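Next come the chains, spelled out residue by residue.
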Amino acid sequence: MEEGGSRIRRRVCVRKRDRPGLGCVPVTAAEAEKDDEEKDEEEMVAASRRRRTAGVQEAEPNDSEEDMFGDYDSFTENSFLAQVDDLDQKRMQLPEHKKHATNFASTDLGSESVKNKPSIAPVGTFADLKTDKHTENQSGREDVTVEAGAGLLYDVPSSQVLYFENLQNSSDDLGDQSTKERDRNSPYHKTLNEESPHNLIEQPRQNDESSSKVGTSSDVNRRKSVKDHLKSAMTGNAKAQTPVFSRSKHLKETLLSEEMSVAKKTIESSSHDLGPFYSLPSKVRDLYFQFKGIEKLYEWQHTCLTLNSVQERKNLIYSLPTSGGKTLVAEIIMLQELLCQQKDVLMILPYVAIVQEKISGLSSFGIELGFFVEEYAGSKGRFPPTKRRGKKSLYIATIEKGHSLVNSLIETGRVSSLGLVVVDELHMIGEGSRGAILEMTLAKILYTSKTTQIIGMSATLNNVEDLQEFLQAEYYTNQFRPVELKEYLKINDTIYEVDSKAENGMTFSRLLNYKYSDTLKKMDPDHLVALVTEVIPKYSCLVFCPTKKNCENVADMICKFLSKEYLKHKEKEKYEVLKDLRNMSSGNLCPVLKRTIPFGVAYHHGGLTSDERKLLEEAYSAGVLCLFTCTSTLAAGVNLPARRVILRAPYVAKEFLKRNQYKQMIGRAGRAGIDTVGESILILQEKDKQQVLELITGPMENCYSHLVQEFTKGIHTLFLSLIGLKIATSLGDIYQFMNGTLFGVQQKVLLKEKSLWEVTVESLRYLTEKGLLQKDSIHKSEEEAQCSFHITKLGRASFKGTIDLAYCNVLYKDLEKGLEGLVLESLFHLIYLTTPYDLVSQCEPNWMIYFWQFSQLSPAEQNVAALLGVSESFIGKKASGQAIKKKVDKDIVNRLYLSFVLYTLLKETNIWSVSEKFNLPRGYVQNLLTGAASFSSCVLHFCEELEEFWVYRALLVELTKKLTYCVKAELVPLMEVAGVLEGRARQLYNAGYRSLTHLANANPEVLIGTIDHLSRRQAKQIVSSAKMLLHEKAEALQEEVEELLRVPSDFPGAVAPSIEKA
Ligand SMILES: Nc1ncnc2c1ncn2[C@@H]1O[C@H](COP(=O)(O)OP(=O)(O)OP(=O)(O)O)[C@@H](O)[C@H]1O
Ligand SMILES: [Mg+2]
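Residues numbered from 1 in each chain as written. Chains lettered and ligands numbered in written order. Predicted model: local features only at pLDDT ≥ 70, side-chain atom pairs only at ≥ 80, totals over all residues. Heavy atoms only, no water.

A.B. asks: Explain the sheet that holds strand β8 (residues 484-491) to me, and be specific about the residues and the numbers.
C.D. replies: What the eight strands build is an open sheet, ordered β10-β9-β8-β17-β14-β11-β13-β12; its pairing is mixed. The open sheet terminates on both sides in strands that have one partner only, identified here as β10 (506-511) and β12 (601-604). Going across the sheet, the axis of each strand differs from the next one's by a mean of 25°, ignoring polarity. Summarising the sheet, β8 and strand β9 (residues 494-498) pair through four bridges and their orientation is antiparallel. Across the sheet, Ile-491 pairs through a bridge with Thr-494, a residue of β9. (Pairing = 2+ DSSP bridges. Helix = DSSP H or I, 4+ residues; strand = E, 2+ residues; numbered from the N terminus. Axes fitted to C-alpha atoms, helices over the stretch in contact; angles between N-to-C directions.)

A.B. asks: Help me get a handle on the pattern of salt bridges, residues and values and all.
C.D. replies: In a structure, side chains of opposite charge can pair up when their charged atoms sit close to one another. Inspection of every chain in the model, using the stated rule, returns 31 salt bridges. With its nearest N and O atoms 2.9 Å apart, the salt bridge here joins Glu-368 to Lys-283. Of this pair, Glu-368 sits in helix α14 (residues 352-369) while Lys-283 sits in helix α10 (residues 282-292); the two residues are 85 residues apart in sequence, bridging distant segments of the chain. Comparing Glu-368 with Lys-283 shows no difference in burial state: the two are buried. Ionic pairing is found between Glu-762 and Lys-754, a salt bridge with its closest N-O pair at 3.0 Å. Residue Glu-762 is classed as partly exposed on the basis of its relative accessible area, which comes to 37%. By relative accessible area, which is 31% here, Lys-754 ends up partly exposed. Linked by salt bridges that have partners in common, Arg-510, Glu-534, Arg-644 and Glu-679 make up one network. (Salt bridge = Lys/Arg side-chain N within 4 Å of Asp/Glu carboxyl O. Buried < 20%, exposed > 50% of the residue type's maximum accessible area, 1.4 Å probe, protein only.)

A.B. asks: Outline the sheet that holds strand β7 (residues 474-477), listing residues and values.
C.D. replies: Here we have seven strands laid out as an open sheet, ordered β3-β4-β2-β5-β6-β1-β7, and parallel in their pairing. Because the sheet does not close on itself, it has two edges, and the strands there are β3 (372-376) and β7. Ignoring which end each strand starts from, the neighbouring axes of this sheet average 15° apart. The pairing of β3 with strand β4 (residues 393-397) spans five bridges and is parallel. Bridging from a neighbouring strand, Glu-374 pairs with Tyr-395 of β4. Each of β1 (316-319), β6 (453-458) and β7 touches helix α17 (residues 464-471); the most contacted strand, β1, lies at about 155° to it. (Contact = heavy atoms within 4.5 Å.)

A.B. asks: I'd like a rundown of helix α41 (residues 950-964), residues and numbers included.
C.D. replies: The end-to-end C-alpha distance of α41 is 22 Å, a good match for the 21 Å that 15 residues give at a rise of 1.5 Å each. Along α41, the sharpest change in direction is near 30° and occurs at Leu-956. Of the surrounding elements, those touching the buried residues of α41 are α33 (808-820), α34 (828-833), α38 (890-908) and α40 (922-944). (Expected span 1.5 Å × (residues − 1). Bend = angle between axes of the 7 residues up to and from the residue.)

A.B. asks: Run through the packing of α10 against helix α13 (residues 326-340), naming residues and quoting values.
C.D. replies: Running from N to C, α10 and α13 cross one another at 140°; their axes reach a closest spacing of 12 Å. One finds that α10 runs oblique with respect to α13. In terms of crossing hand, the pair formed by α10 and α13 is right-handed. Of the residues in α13, those in contact with Val-284, Tyr-288 and Lys-292 of α10 are Leu-328, Glu-331, Ile-332 and Leu-335. Split into classes, the residues belonging to the contact of α10 with α13 amount to five nonpolar, no polar and two charged. (Parallel < 35°, antiparallel > 145°, perpendicular 65-115°, else oblique. Left-handed = near helix turned anticlockwise from the far one by under 90°. Nonpolar A, V, L, I, M, F, W, Y, C, P; charged D, E, K, R; others polar.)

Pasting the structure below:
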């Protein structure tokens, strides 16, 4: 294991939610626009937080590397949390607060949902609201320019009038309870937080004791020794609790341990008499109320949890519409596994952002109930995971990390320690190479561990039978959605409601009469301004746009036509957002955001840096921003709900929308606990009508295996790992394995011309020819099926380094060539060798910049280019547009250009200035950096397996660290905590929180008071996550100590007393 967490991840171009194969951001600005659809797939990678990683890890495509943010639950959830806090305060004042009723099955479901329909009636009058050409921000602190044409004076659409009439009637009060709540809980409202009664309570130390009772019950008999002191000192802090529930805590703790043993017995006796809360201690129910405000389970949740198949731990797939509450069911089953069955659990989620969110959400459960929550996303995760003695672990992982984790467990013979694997968004199994990885993971579990239960869930499943057959699973489905979602279509001036009962799938709803001026009509033919102003700023709204560039243009356009009254709404808070954006980007600020944020509007796509995204998401969740123009990645990656979701066109980039995508996007509207109603409006042109009607009435797309379509990332990688891990080494066994995959189930549909046997034989032959596998010599008498294989050194290196097999040979050659004349005067040559291959093909160098950068190199560095066959005259000719006769390898030229970007970035550590220098989107530059850090780590693992590359090992450890910690080194310990990005880490650092221990011991209330724009919920989550991480680290150290002190089992002679005893 290397320090500093070299992690293994490569960029690959993959699809997300059934979108077409998408790739990497092209280089020039013009290109950036042209290929926006491809860039939409780019995700920023949570950079620079590394823990020790080693072993067999999965390369993780950047696609999964959404920014990480733990806190984008909705603003109303925030407000609800405040209510819970208030309630709790009251409960604390009672000598013994009443317990919740145990009946959690609700029969009155969603009746609220239809009560509060929004009025979207067209307004016939116009208010005399003018938009000045240059409107100064009232605060005068931010130089905001509102560029509006002279003809726009009366261009405020009538929908805005309604809002401002209401505004005047209720003066500053928007008159809406939810908005008030939202405001009250906004992190931008410090006063309330400062006055919070929590501040008045001193943090009692004895809490350490009470809180650790549950967690350490298994440690009771442990001998007191130096190491115990060491441990208790370390874990004491980690377990320190905030004092809020101190009064009832002791009672609860005692109850908990009693209930746990009852629960265990219940499970063991397989009785149908469930424990206080689905075989779990009632504390779990209290925690759900306390942390999530969930009082009752929905009826379907209760039904699902009491299914025979669930009781019998059978594999299960369940499917419900978006926002149906699927997560809770999975979480309860996970808790049963962790607490009652005493087994580890793996939860696989599609994106880093969601993993982060889950870690933040479940860490407090882990601390309260005594299990570890471990993060396997981005750069984080240990392979194999640390063996825990007492408590069990909940691993929360992305698809790629989940696969690596399973590989490492199989390799170390520990796979049966996994009691349960939960897969959210199971339909992703049908999506490109990521789907193939998910399929491999599940197939390996099915093959190697009969005791591991698998549960999959999704809102968009069609061909469930195939998945059921693959997973040998039961199926449960229900159409429940707690909040009514009304779907509308807009064609020209008419809005239709989607109505499955109507003949053509829709019925007339209303006619738009917005009285647009000619200018406005021209600028906004889709009536976006009118549609959004019916909702904002009182409620939030998402406008999905086909491309990134379009997001920015739409945000800009909308703001041009918004009345300046919008500037006044939460003006101070918006100013703070701008200030923070500027601070976190070393004084830089995107000009579009600078214009739109004062109106409460922002764009949201992969071109933002992770810090920017997090900050904007927090501001949106807090109600400071009320409108995001976004790409479809938002629907998949982050949880940002809205009252109204508008789809600007039925396209994602140039591809027509798929039903799954449509459902996911509109599913953001009307989330439980936040809205009473949600609505979506899909804007379409007459020409697309037929196709849209098919879209809204048709079934979900089927989900098909990609194992064989994705050769080098699918079946070939799979076979290499099957043989490398010795899961199956003979042709017969491998064929047997393939029969158990989803591909095996669907083979007749997917590949008619070949049999599964043929596919298997061909793939093994390919790997053998490539020098990655070797056939064992067989006796003639042996059947073909018994012929077995072993992995070669190159195969093992590729497998360990998780190098895409398409590149393993070229990587080998490049490294070999590098040995001939490695230039070590600077990092430049090494950077070139670790620049990810898969980014290269779409890179379009700007030759002028190329030439300039080349001329900045030292002679030795220029020599690197010469060694690679790229001469100054070649670049010069390119820059001056001259014809070039000599053929130069385009891949090398492009790769070298990307190395320039990385090299400059390492020297300057400023993403903004580098993005400006190379005329690249900042999000892309950040992506490139994290991609390179990850690939560098892959190359390192590759070299570790190959004797001839010994010299690279030491060098690459250093380089990986440098690429990984391109941010200031002092922030790294803080950035280890889930959801803490560079900007937040900087704030915390400046406030004196310099280490993980500082954060774990922090009082959330004090944090709120010191850190700008930190909500109580976020503060609590940061502290919980830090405690969890510290606790985890302390335990790992403790285990190391014990391992060191343990007498070796092969100790010569008789069984010796332990050193400690002696
Ligand atoms: N029984 C319940 N009572 C109140 N709120 C609930 C309940 N169950 C879930 N919720 C809340 O409903 C919201 C949506 O739940 P969840 O995220 O699990 O939906 P989902 O089915 O996974 O949707 P998606 O398919 O969009 O991921 C969450 O905020 C969750 O806290
Ligand atoms: Mg979900």
